[in-house]
Amino acid sequence: MKFAYRFSSLLGTVYRRGNLSFTRDGSALVSPVGNRISVFDLKNNKCETFPLATRLNIVCVGLSPDGSLAILIDEEGAALLVSLIGKCVIHHFYFHKPVHSVSFSPDGKKFVITKDNVALMYHAPGRTREFNAFVLDKTYYGPYDETTCIDWTDDSKCFAVGSKDMSTWVFGAERWANLIYYSLGGHKDVIVACFFEENSLDLYTISQDAALCVWQCDTELDGLKPMPPKDAAREKNAAKNDEEFLEEPKGEEVHGKANPNERETRDKVKYSRVAKYFFNKEGDFNNLTAAAYHKKTHLLVTGFASGIFHLHELPDFNLIHSLSISDQRIASISINCTGDWIAFGCSGLGQLLVWEWQSESYVLKQQGHFNSMVSLAYSPDGQYIVTGGEDGKVKVWNTSSSFCFVTFTEHTSGVTAVTFTSNGYVILSASLDGTVRAFDLHRYRNFRTFTSPRPSQFSCLAVDCSGEIVSAGSQDSFEIFIWSMQSGRLLDVLSGHEGPISSLSFNPMKCVLASGSWDKTVKLWDMLDSWRTKETLILNSDVLVVAFRPDGKELAVAALNGQITFWDHENAVQTGSIEGRHDLQMGRKELDKITAKQAAKGKSFTTLCYSADGQSILAGGLSKFVCIYNVKEQILMKKFEISCNFSLDAMEEYLDRRKMTEFGSMALIDEGAGGEDGVAIPLPGVKTGDMSYRHFKPEIRVTCLRFSPTGRSWAATTTEGLLIYSLDSGLIFDPFELDIDVTPSNIRKTLHQKEYTMAIIMAFKLNEKKLIQEVIEAVPSNEVDVVCSSLPDLYVEKVLEFLASAFEISCHLEFYLIWAHKLLMLHGQKLKTRSVKLLPVIQFLQKSIQRHFEDVSKLCEWNIYNIKYALAISQQRGMKRLAEETSVDEEDLDSDSDYLMQEVHKDNFSS
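In this text the structure is predicted, and so the values were computed from the model without any measurement.

Draft legend 1. The arrangement of the overall build of the chain in detail. The secondary structure content of the chain amounts to 12 helices and 59 strands. Burial status across the chain gives 51% buried among its 911 residues. Residue pairs in contact within the chain that sit at least 24 positions apart in sequence constitute 50% of those at least 6 positions apart. Counting only carbon and sulfur atoms, one obtains 51% of the accessible surface of the chain, whose full area is about 44,100 Å².

Draft legend 2. Spotlight on the sheet that holds strand β20 (residues 211-217). Spatially, β18-β19-β20-β22 is the arrangement adopted by the four strands of the open sheet, whose pairing is antiparallel. Among the strands making up the open sheet, the edge pair consists of β18 (191-196) and β22 (271-278). Strand-to-strand twist across the sheet, computed as the mean angle between neighbouring axes with direction ignored, equals 20°. Relative to β20, strand β19 (residues 203-207) is paired through five bridges, and the arrangement is antiparallel. Looking across to β20, one finds that Leu-203 is bridged to Trp-215.

Draft legend 3. Structural view of helix α6 (residues 756-766). Counting buried positions over the 11 residues of α6 gives 10, a clear majority of the element. Inspection of α6 places Tyr-756, Thr-757, Ala-759, Ile-760, Ile-761, Met-762, Ala-763, Phe-764, Lys-765 and Leu-766 among the buried residues, and these make up the whole buried set. Asn-767 sits one or two residues past α6 and shows a positive phi near 60°.

Draft legend 4. Local environment of the sheet that holds strand β24 (residues 299-304). Strands sit in the order β23-β24-β25-β26 across an open sheet of four strands; the sheet is antiparallel. Taken across any chain shown, the strands that pair with only one partner, and hence form the sheet edges, are β23 (288-294) and β26 (318-324). For this sheet, the mean inter-axis angle between neighbouring strands, taken without regard to orientation, is 15°.

Draft legend 5. View of the pairing of strand β9 (residues 88-94). Across six bridges, the pairing between strand β8 (residues 78-83) and β9 is antiparallel. Residue pairing in the sheet places Leu-80 in a bridge with His-92 of β9. Linking β8 back to β9 in an antiparallel pair, the connection comprises four residues, with Lys-87 at a positive phi of about 55°.

Draft legend 6. Region of interest: the pattern of salt bridges. As enumerated under the stated definition, the model contains 19 salt bridges in all. A salt bridge links Asp-151 to Lys-295; the shortest N-O distance between them is 3.6 Å. Taken together, the residues span a long stretch of sequence, with Asp-151 in strand β14 (residues 147-152) and Lys-295 in the loop between β23 and β24 at a distance of 144 residues. Judged by its relative accessible area of 13%, Asp-151 is buried. Overall, the relative accessible area of 16% leaves Lys-295 in the buried class. Residues participating in the shared-partner salt-bridge network are Lys-110, Asp-137, Lys-138 and Glu-174.

Draft legend 7. The side chain of Arg-36, seen in detail. Within the secondary structure layout, Arg-36 lies in strand β4 (residues 36-41). Buried charge Arg-36 goes without a salt bridge, the closest partner of opposite sign being Glu-720 at 4.7 Å. Those residues in contact with Arg-36, other than ones at most four positions away along the chain, are Phe-7, Leu-10, Ser-31, Thr-49, Phe-50, Pro-51, Leu-52, Ala-53, Ile-58 and Ile-642.

Draft legend 8. Highlighting unusual backbone geometry. Between Leu-314 and the following residue, Pro-315, the backbone shows a cis peptide bond with an omega angle of 0°. Tracing the sequence through the fold places Pro-315 in the loop between β25 (308-313) and β26. Phi is positive for Asn-45, which is not a glycine, with a value near 55°. In this structure Asn-45 comes out as partly exposed when scored by relative accessible area, which is 46%. With a phi close to 55°, Gln-634 is a non-glycine residue in the positive phi region. Along the chain, Gln-634 falls in the loop between β53 (625-630) and β54 (635-641).

Draft legend 9. Expanded view of the packing of α6 against helix α9 (residues 793-809). Between α6 and α9, whose axes approach to 11 Å, the crossing angle comes to 75°. With respect to α9, the element α6 is oriented roughly perpendicular. Contact residues: α6 offers Ile-760, Ile-761, Phe-764 and Lys-765, while α9 offers Tyr-795, Lys-798, Val-799 and Phe-802. Here the residues of the contact of α6 with α9 sort into six nonpolar, no polar and two charged.

Draft legend 10. Molecular detail of the packing of aromatic side chains. Going through the model one piece at a time under the given rule, you end up with 43 aromatic pairs. Between Trp-169 and Tyr-181 the ring centres are 6.3 Å apart and the planes differ by 40°, which places this aromatic pair in the tilted class. Here the residue Trp-169 occupies a position in strand β16 (residues 168-172), and Tyr-181 occupies one in strand β17 (residues 181-184), the gap between them amounting to 12 residues. Pair check on accessibility: Trp-169 and Tyr-181 agree, each one buried. Of the aromatic side chains, those joined through ring pairs into one cluster are Tyr-5, Phe-7, Phe-640, Phe-707, Trp-714 and Tyr-725. Above the ring of Phe-7, the side-chain terminus of Arg-36 is found at 3.9 Å from the ring centroid. Sitting over the face of the ring of Phe-646, Arg-55 holds its NZ or CZ atom 4.4 Å from the ring centroid.

Draft legend 11. Quick peek at the side chain of Ser-167. Looking at where Ser-167 falls in the secondary structure, it is placed in the loop between β15 (158-163) and β16. Within the structure, Ser-167 has its side chain in polar contact with the side chain of Trp-169 (distance 3.0 Å). Apart from the residues lying within four places of it in its own chain, the contact partners of Ser-167 are Val-161, Gly-162, Ser-183, Leu-184 and Ile-191.

Draft legend 12. Main features of the packing of helix α5 (residues 744-752) against α6. Following both chains from N to C, one finds α5 and α6 inclined at 165°, their axes separated by 8 Å at the closest point. With respect to each other, α5 and α6 are oriented roughly antiparallel. Where α5 crosses over α6, the two elements pack in a sense that is left-handed. Side by side, α5 and α6 meet where Pro-744, Asn-746, Ile-747, Thr-750 and Leu-751 of the first sit next to Tyr-756, Met-758, Ala-759, Met-762, Ala-763 and Leu-766 of the second. Across the contact of α5 with α6, the residue classes tally to nine nonpolar, two polar and no charged.

Rules used in this analysis
Residues numbered from 1 in each chain as written. Predicted model: local features only at pLDDT ≥ 70, side-chain atom pairs only at ≥ 80, totals over all residues. Heavy atoms only, no water. Helix = DSSP H or I, 4+ residues; strand = E, 2+ residues; numbered from the N terminus. Buried < 20%, exposed > 50% of the residue type's maximum accessible area, 1.4 Å probe, protein only. Contact = heavy atoms within 4.5 Å. Areas by Shrake-Rupley, 256 points an atom, 1.4 Å probe, with all protein chains shown as cover. Pairing = 2+ DSSP bridges. Axes fitted to C-alpha atoms, helices over the stretch in contact; angles between N-to-C directions. Salt bridge = Lys/Arg side-chain N within 4 Å of Asp/Glu carboxyl O. Lys, Arg positive; Asp, Glu negative; His and termini not counted. Parallel < 35°, antiparallel > 145°, perpendicular 65-115°, else oblique. Nonpolar A, V, L, I, M, F, W, Y, C, P; charged D, E, K, R; others polar. Phe/Tyr/Trp six-rings, centres within 6.5 Å; stacked < 30°, edge-to-face > 60°. Lys NZ or Arg CZ within 6 Å of the ring centre and 35° of its normal. Polar contact = N/O pair within 3.5 Å; in protein donor to acceptor, adjacent residues only side chain to side chain. Left-handed = near helix turned anticlockwise from the far one by under 90°.

Just geometry here; none of it tells us what the structure is for.
Structure below.
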């Protein structure tokens, strides 16, 4: 139960590829992030990633009109039907070919997907109780090349499909007598989007060469005539006869012709092109990549390959705005139901923007690290996480909202390490640009920059528990540099290692610095003894990472041979070791010449982290697995598979034989390189992406692991982003000293007899959260003091842990604050003796109270200013504004407002 960590949220990645979609009410945005989906609640400023994943990256998302269902389709055409309410997978389906777009009809009864050169219409799931959720209704043929986009009429009678063959096709969802299919040309490039006008068959088509055609229809939607019964019956019989020879029903087929004869077009719907507009100015060649249209406000938004977007009013094509959001291609655009907010996704930068066009302001502006994240650190209260990436950026994330709220861009090269100081308001980062920078979280500025006398590339970083001493290890000069945080001066340069410094760690309790190096040694430096080498620990292989236990009494070292060794650093004695190479379970890359089993022999753990209580250790490396070991028993407790995304490299243990040919793997064939002369020679040793390739698969890896100080969660920086795993306490039955008499009915009976302490003890024995909450909230506030004093020491810790978790969800703020205050006042001295063990619980409690304090203090300040303003206005009223009477007596105003503020504070506390 202790290791029941589950995937909680994904930070650091906000958009990868695919289409963005607003929810029905327009206040939340659904964004595909790799093989998962994230929902951004724009009104409450929160982000949530669903605990479900497809096998490959998601390319298109379709939301049902009622907002309860979503269809997620990946790169190979495998679909998941997902409940957005239950956040679970309802049905799996495979379309056998890559799907380009999916769209539900406005009435929610049908949905259309486009693949190859056909459009398939299915009955929407959930309307009837079916064993198979996806039932094919009709198949539409017509375009000669791949289909690209779909749009429905408002009454769900017809839909339009755009194609790469530069044509747009209008199909009837039913077989109408005067409209079965209609083909529209008029473009010289691929159709990017097509949109119907509101309650009309009039159509707008937009092509990649930035041309817009306006099509007018001679028939209204009400003018569509149903097919005569005789013809309809004949069609159905023909379809049934065909199905008799097939294993499964294929549904009805509609075959469109680009040039129908006169007899077929007689008495049918006709389209005429009314206008053609061009977005690009003369001589400007800018590809149009995405478009969205809001029917009620007639607003057209178009995005271009250069990062520019235009807002036009149709049908007159009046330009409202023209702005640039980045220098990368805009991959997806979506407009919410009210037409106020426009969402833009840039897949090149992993950027997501929500723009309110009327006020010209950002509602949301988020961007992950451009290249992979390298390191992370939790703040001492567990509320924030700082990450450093290969793009040279340092980002700070809020763990409760999952948003990045500040980005520091001062580094000019990749960031290798980040850490918080003990007060939680200063962030330190080391970089390959030869600087260590200190950032202030109050003013969001870089207030110190530490450098070495000769330029050095810093590979690791450590700060002591007081936050006064900063140390960084160099890759090229094999030295460790020590600076003072107060003055910014270089205090000392520690030399002695004969290889690059790979890791540094300060002892949390003593002034001792441990340094690991590729020269197969760990050196311990004593700060109080003029930084002399206290001990040198010799290992069998290159040292990759060192970590102290939270109580400072043990040191863990991971080496290149895959071993984790534990040391009593006081006596320089090894206390144990774990052979972890087999637990890493490497995958085989597409171009690997040797098997995964053989490759694993050269692999090792590259990151280590002790749990908050120091009893277990978390380890990860170049693999999709993260392992938790018990330190005392030296056994593997649990393995977490952090990704199931096969779009990443090194995910499969064995090569797929279907991708093997007599000339080698299909992965060797470079996508998009066929038309050029000569062969692109890959650069040797490149890991993060080879510039000579058009296409590469990122390799799955875990670069850094950290436990939260609260002990409730841990975070990992991976190829996919920053993953957070937390304890899901709501679903676990974990009784404690359970007795046969401890039942919910007996607990309620004890509570009814007003034996509150006994009821609390019994509730904690059963350990059901809802029941504990019921019992604690039943205690009268004037009895809390007595109950707290009579609680046994063992249960004080459990009540504190419950209070910390209850603060996050409960509205009874004052009541729980009384509980926390009384417990800490009465049992404070006893708790101090067990401070190391209780530290995670206390920090969890502090984090919860701090968050409430920030929210309430903002609200109170806002109310105080409002009341002062109201008082000032009320005193101004009724006064004759004469020239000699310039102002109100300010002292009276202040005394009145102070008195009113005191009254408000009293009211707040009493409520």
